[in-house]
Amino acid sequence: VTEHPLARLVREALVWNDQQRPRSQQRGPGFSSLGGCARRVWHECRHDEPCNHDLECMAAVMGTALHGAFETAIERYAKLHSLDIRFEVPLRLPAIDLTGSADIVHPPELDDIKTTTLKSLAWYRKHGAPRNNVWQAQAYAMAWNLERPDDPVEHVNLIYIPRDGHFSDVYVYQMPYESDIAEQAVRWFEDIAAADEAPAPEKDDSYCSRFCPFFGELCPGAPRAQDAVHDDPWYEEAAAIYYSYRTHLRQENEGAKAELMEAPDGRYGRYTVRHKNGQYGPYVEVRQA
Ligand code: SF4
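Rules used throughout
- Residues numbered from 1 in each chain as written.
- Predicted model: local features only at pLDDT ≥ 70, side-chain atom pairs only at ≥ 80, totals over all residues.
- Heavy atoms only, no water.
- Pairing = 2+ DSSP bridges.
- Helix = DSSP H or I, 4+ residues; strand = E, 2+ residues; numbered from the N terminus.
- Axes fitted to C-alpha atoms, helices over the stretch in contact; angles between N-to-C directions.
- Buried < 20%, exposed > 50% of the residue type's maximum accessible area, 1.4 Å probe, protein only.
- Contact = heavy atoms within 4.5 Å.
- Expected span 1.5 Å × (residues − 1).
- Arc of directions from axis to C-beta.
- Parallel < 35°, antiparallel > 145°, perpendicular 65-115°, else oblique.
- Nonpolar A, V, L, I, M, F, W, Y, C, P; charged D, E, K, R; others polar.

Colleague: Report on the sheet that holds strand 7 (residues 266–268), specifying residues and quantitative values.
Modeller: Ordered in space as 6-7-8-9, the 4 strands form an open sheet in which the pairing is mixed. Across the chains shown, the open sheet's two edge strands, defined by having one partner strand only, are strand 6 (229–230) and strand 9 (281–288). With 2 bridges connecting them, strand 6 and strand 7 associate as parallel partners. Bridging across to strand 7, His-230 finds its partner in Tyr-268.

Colleague: Describe the sheet that holds strand 1 (residues 86–93), naming the residues involved and giving the relevant values.
Modeller: Paired through their backbone hydrogen bonds, the strands of a sheet run either parallel or antiparallel. With mixed pairing, 5 strands are arranged side by side in an open sheet as 1-2-3-4-5. Edge strands, defined here as strands with exactly one partner in the open sheet, are strand 1 and strand 5 (171–176). Across the sheet, the mean angle from the axis of one strand to that of its neighbour is 35°, orientation sign disregarded. Of the pairings in the sheet, the one linking strand 3 (residues 109–116) to strand 4 (residues 155–162) comprises 8 bridges and is parallel in character.

Colleague: Quick rundown of the environment of His-230? Include the residues and the values.
Modeller: Mapping His-230 onto the fold places it in strand 6. We classify His-230 as partly exposed; its relative accessible area is 24%. Linking His-230 and Glu-109, residues 121 residues apart in sequence, is a C-alpha distance of 37 Å. Excluding residues that lie within four positions of it along the chain, His-230 makes contacts with Pro-264, Asp-265, Gly-266, Arg-267 and Tyr-268.

Colleague: Pulling in residues and values, what's your account of helix 7 (residues 179–194)?
Modeller: Taking 1.5 Å as the rise per residue, helix 7 with 16 residues should run 22 Å; its terminal C-alpha atoms sit 22 Å apart, in good agreement. Within helix 7 the residues assigned to the buried category are Ile-181, Ala-182, Ala-185, Val-186, Trp-188, Phe-189 and Ile-192. Each buried residue of helix 7 sits inside an arc of 160° when the element is viewed along its axis, so together they form one side. Opposite its buried face, helix 7 presents the exposed residues Asp-180, Asp-191 and Ala-194, each directed more than 90 degrees away.

Colleague: For unusual backbone geometry, give the residues involved together with the corresponding values.
Modeller: Phi is mostly negative for residues that are not glycine, and the peptide bonds are mostly trans. The amide bond that connects Pro-107 to the next residue, Pro-108, takes the cis arrangement and shows omega of 10°. Checked against the element boundaries, Pro-108 lands in the loop between strand 2 (98–106) and strand 3. Unusually for a residue other than glycine, Glu-88 sits at a positive phi of about 45°. Of note, the phi angle at Asp-97 is positive, near 50°, even though the residue is not glycine. Considering the arrangement of structural elements, one finds Asp-97 in the loop between strand 1 and strand 2. What makes Asp-97 exposed here is its relative accessible area of 51%.

Colleague: Outline the packing of helix 6 (residues 131–147) against helix 7, listing residues and values.
Modeller: The contact between helix 6 and helix 7 brings their axes to 8 Å, and the two run at 105°. Looking at the two axes, helix 6 sits roughly perpendicular to helix 7. Judged by residue contacts, Arg-131, Val-134, Trp-135, Gln-138, Ala-139 and Met-142 of helix 6 engage Ser-179, Ile-181, Ala-182, Glu-183, Gln-184, Ala-185, Val-186 and Trp-188 from helix 7. Tallied by class, the residues present in the contact of helix 6 with helix 7 amount to 9 nonpolar, 3 polar and 2 charged.

Function-wise, these values are silent; they only describe arrangement.
If you want it as structure tokens, here you go:
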């Protein structure tokens, strides 16, 4: 498809602007790396130079812009009403030398704002927040509690704001702070950072080529092995929902599809998941194995 000159101008300006942010220029891992692709984290730990510059970053650019707008609004509102809330709180986890900023802290609560889509929200409401979001927020809480044990965080909230929804769709996923979960995330990271060899690729090229800066020379992505058998109840349930879409609500079905876009090809229980490229772009196909 030929890109209109004005569409190219919009894309180039937004991407360039996003790349100027300190977080975009940071090479190393951040709190948001916890629970993601292990191979990607391994490259981040080595501060490898990205080799894939043709990334699809529309969702990330919009998420950053909305995130900034929400924070400015909440900060001004809190000042006006004398609310005791801290924003963009710099935190560090010394055990794994991870630095980052928690969006909002008002002990005993810590909040992390996530922009998402309605279809992902439908999935999170039913199945809970994704592991990497949970690990990230719990790790922020751990870092805060290590630095300020006299004023601890006891509850962690993930505030999901859909880019394509209404205010009534905003969803808050609440959890108690659980040091066990944060420690699990830390151990996962430590093992990857200490590995001499790169972990096996976890995602296939349908995902990697669009979203991972290390795809190509540094990582080939996982082979699309339809025969690979995965023990992953999360993706297995998504495959079951997507396969029997007629019996599920449209939004739940769309949420399952969004999850499966990131699943490696292969078998999940009774289902086979395969990524394909169609006339309108990549899509996912689920069949009964
Ligand atoms: S290219 Fe894919 S498998 Fe490799 S590090 Fe990136 S996300 Fe992981």
